[in-house]
Amino acid sequence: QVQLVESGGGLVQAGGSLRLSCAASGSIFKVNAMGWYRQAPGKQRELVALITTGGITNYADSVKGRFTISRDNAKNAVYLQMNSLKPEDTAVYYCNAATSDIGFWGQGTQVTVSS
């Protein structure tokens, strides 16, 4: 089992920045990749960014150049720096930890971007 706790969401004006944090605990050694997903009202959950244990990153086209994912292996944490936020970035953001068998989810943190 892997437990994930997100923090750092909030309300920000368009053009502003937020930094999300995700602290992982439990069977961390089984995790191959960690990522951030988001779900807006009435929409499906979508991948925002992910990072593998080797440091390879992948981003959704909609956030490339604005968001940066990083991880601190010593702290078992992953971060999402979000810059130049847009109203369409408004969503609940979820941290995910993927093993070879299953994915684990955090409880989510709300990000609201006002225009």
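Relevant structure appears above.
1. A closer look at unusual backbone geometry
Here Asn 76, not a glycine, exhibits a phi torsion of approximately 50°, which is positive. With a relative accessible area of 29%, Asn 76 lands in the partly exposed category.

2. Remarks on the sheet that holds strand 8 (residues 77–82)
In a beta sheet, neighbouring strands pair by backbone hydrogen bonds and run either parallel or antiparallel. Strand order in the open sheet formed by four strands is 1-3-8-7, with antiparallel pairing between adjacent strands. The sheet is open, and its two edges are formed by strand 1 (2–7) and strand 7 (67–72), each paired on a single side. Neighbour-to-neighbour, the strand axes of this sheet turn through a mean angle of 15°, independent of strand direction.

3. Brief notes about the nonpolar core
The biggest cluster of nonpolar side chains holds 30 residues, and the ones touching the most others in it are Leu 4, Met 34, Trp 36, Leu 80, Met 82 and Tyr 93. Apart from the residues lying within four places of it in its own chain, the contact partners of Met 34 are Leu 4, Cys 22, Ala 24, Leu 50, Ile 51, Ile 69, Arg 71, Val 78, Cys 95, Asn 96 and Ala 97.

4. Some points on the state of the cysteines
In this structure the tally under the stated criterion is one disulfide. The disulfide bridge from Cys 22 ends at Cys 95, spanning 2.1 Å between sulfur atoms. The sign of the -85° torsion about the S-S bond sets the Cys 22-Cys 95 disulfide as left-handed. Taken together, the residues Cys 22 in strand 3 (residues 18–26) and Cys 95 in strand 9 (residues 91–98) connect sequence positions 73 residues apart. Of the two residues examined, Cys 22 and Cys 95, each falls in the buried class.

5. Structural notes on the pattern of salt bridges
Tallied over the full model, the rule gives four salt bridges. The residue Asp 89 makes a salt bridge to Arg 38 at a minimum N-O spacing of 2.9 Å. Separated by 51 residues along the polypeptide, Asp 89 in the loop between strand 8 and strand 9 and Arg 38 in strand 4 (residues 33–39) bring together distant segments of the chain. Sharing partners across several salt bridges, the network here consists of Arg 38, Glu 46, Arg 66 and Asp 89.

Definitions and limits used
- Residues numbered from 1 in each chain as written.
- Predicted model: local features only at pLDDT ≥ 70, side-chain atom pairs only at ≥ 80, totals over all residues.
- Heavy atoms only, no water.
- Buried < 20%, exposed > 50% of the residue type's maximum accessible area, 1.4 Å probe, protein only.
- Pairing = 2+ DSSP bridges.
- Helix = DSSP H or I, 4+ residues; strand = E, 2+ residues; numbered from the N terminus.
- Axes fitted to C-alpha atoms, helices over the stretch in contact; angles between N-to-C directions.
- Core = buried A, V, L, I, M, F, W, Y, C linked by side-chain atoms within 4.5 Å.
- Contact = heavy atoms within 4.5 Å.
- Disulfide = S-S within 2.5 Å.
- Salt bridge = Lys/Arg side-chain N within 4 Å of Asp/Glu carboxyl O.

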